[in-house]
Amino acid sequence: MIKNVFGTTVDLLGEAIVSGRYPVGESLPAEPLLSEELGVSRSVLREAVKSLVAKGLLTTGPKVGTRVLPDNQWNWFDPDVIAWLVKKGLPTEFVRDLQDLRRVVEPAAVRLAAQRADAQDLAAIESAFAGMKRAVEQGGDDYITHDLRFHQSLLRASGNRMLAQMSEVLSALLQTSFEISTRKDNGPASSLSMHREVLDAVTARQPERAEQVILRLIDSARQDIDEVLSQPAIRTRRPRQTDAVALTS
């Protein structure tokens, strides 16, 4: 999708901040200089700065100007922030933190799904799995989209509205994870059986078994990511808000 002047300006500034061109704690260049450098009006620049403030990359105030914030204040659930980070190159801490988060959230959600899922929930999970299987066996389909829907359906099946909403909040992070892990040769095919085990355990009302399998799946994905990232020149495509909808790989 082609962005307008505002969106392009946000991207340029965001990438520059994430890449370290503007160091943490330092002020951005004066508005007239930055406006000229980017080739945009001051009004567009001001709106772009407001957007980056909302994303946690910048802070503004009287007499201190517009300063760059440390990364522990960035919005790590924002698709743009994650896209800029991907362009820079994913740090080891990103992968570690994401896998830690998955190990906290997913097993609890799947355990609840095995206790609470109704017929409609199970049908949604089954349909998503069928799409994953079709993508592996026939090709020409978007495996990641079906994979994300599979896990979104699991979260919804937990019967917990807060967990269900977390899939939307986490989507940018997880989309990036899946884009990497599925680059391993035969990665989707090798993980398909574990997805089937999760579905079977939820359907059979076996919370402990479902929890154990999802943990194996998460740990397997971590190994795939580590293997892929050990290779040179790894890049992922930009996370898409339309198809980044939930958990796993």
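Note that the structure is a prediction, hence the values are computed from the model and not measured.

(A) Spatial organisation of the overall build of the protein chain. Within the protein chain, the regular secondary structure consists of eleven helices and two strands. Reading the protein chain from its N terminus to its C terminus gives the helix and strand order α-α-α-β-β-α-α-α-α-α-α-α-α. With the principal axes as the frame, the protein chain shows a C-alpha extent of 65 × 35 × 30 Å. Counting only residues that meet the buried cut, the protein chain has 48% of its 249 residues in that class. Looking at the protein chain alone, contacts between residues at least 24 apart form 75% of all its contacts between residues at least 6 apart. Looking at the protein chain as shown, the accessible area adds up to about 12,400 Å², and 51% of this sits on carbon and sulfur atoms. The centroid of the 31 positive side-chain charges in the protein chain is displaced by 3 Å from the centroid of its 33 negative side-chain charges.

(B) Summary view of the confidence of the model for the protein chain. Overall, the predicted model of the protein chain reaches an average pLDDT of 87, with 91% of residues at or above 70. Mean pLDDT per element in the protein chain: helix H9 (residues 171-181) is the minimum at 77, and helix H3 (residues 42-54) is the maximum at 97. Note that pLDDT drops below 50 for residues 234-249; the model gives that stretch 73 contacts with residues more than four away or on any other chain.

(C) Inspection of helix H1 (residues 5-18) at higher detail. Counted at 1.5 Å a residue, the expected span for H1 with its 14 residues is 20 Å, and the 20 Å between its end C-alpha atoms agrees. Restricting attention to buried positions, one finds in H1 the residues Gly-7, Thr-9, Val-10, Asp-11, Leu-13, Gly-14, Ala-16, Ile-17 and Val-18. Those residues of H1 hidden inside the fold are in contact with helix H2 (31-38), H3, strand E1 (58-61), strand E2 (65-68) and helix H4 (79-88). Of the residues that open H1, the one with a side-chain oxygen 3.3 Å from the backbone nitrogen of Phe-6 is Asn-4. Positive backbone phi, at 90°, marks Gly-20, one or two positions downstream of H1.

(D) Focus on the pairing of E1. Both E1 and E2 contribute to a ladder of four bridges, which runs antiparallel. Considered in E2, the bridge of Leu-58 is made with Val-68. Where E1 folds back onto E2 in an antiparallel hairpin, the turn is made up of three residues, including Lys-63, whose phi is positive at roughly 75°.

(E) Representation of the packing of H9 against helix H11 (residues 207-229). At their nearest, the axes of H9 and H11 sit 8 Å apart, and the two run at 65° to each other. In terms of orientation, H9 lies roughly perpendicular with respect to H11. Seen from above, H9 lies across H11 with left-handed handedness. Side by side, H9 and H11 meet where Ser-177, Ile-180 and Ser-181 of the first sit next to Ala-221, Asp-224, Ile-225, Val-228 and Leu-229 of the second. When grouped by side-chain class, the residues that make up the contact of H9 with H11 number five nonpolar, two polar and one charged.

(F) Structural view of unusual backbone geometry. Positive phi outside glycine occurs at Asn-186, with the angle close to 60°. The topology assignment puts Asn-186 in the loop between H9 and helix H10 (187-203). By relative accessible area, which is 61% here, Asn-186 ends up exposed. The backbone of Arg-205 sits at a positive phi, close to 60°, despite the residue not being glycine. Mapped onto the secondary structure, Arg-205 falls in the loop between H10 and H11.

(G) Local environment of the side chain of Arg-102. With respect to the helices, strands and loops of the structure, Arg-102 is situated in helix H5 (residues 92-116). Here the side chain of Arg-102 touches Glu-106 through a polar contact of 2.5 Å, side chain to side chain.

Conventions adopted
Residues numbered from 1 in each chain as written. Predicted model: local features only at pLDDT ≥ 70, side-chain atom pairs only at ≥ 80, totals over all residues. Heavy atoms only, no water. Helix = DSSP H or I, 4+ residues; strand = E, 2+ residues; numbered from the N terminus. Buried < 20%, exposed > 50% of the residue type's maximum accessible area, 1.4 Å probe, protein only. Contact = heavy atoms within 4.5 Å. Areas by Shrake-Rupley, 256 points an atom, 1.4 Å probe, with all protein chains shown as cover. Lys, Arg positive; Asp, Glu negative; His and termini not counted. Charge placed at Lys NZ, Arg CZ, Asp CG, Glu CD. pLDDT = per-residue confidence, 0-100. Expected span 1.5 Å × (residues − 1). Polar contact = N/O pair within 3.5 Å; in protein donor to acceptor, adjacent residues only side chain to side chain. Pairing = 2+ DSSP bridges. Axes fitted to C-alpha atoms, helices over the stretch in contact; angles between N-to-C directions. Parallel < 35°, antiparallel > 145°, perpendicular 65-115°, else oblique. Left-handed = near helix turned anticlockwise from the far one by under 90°. Nonpolar A, V, L, I, M, F, W, Y, C, P; charged D, E, K, R; others polar.

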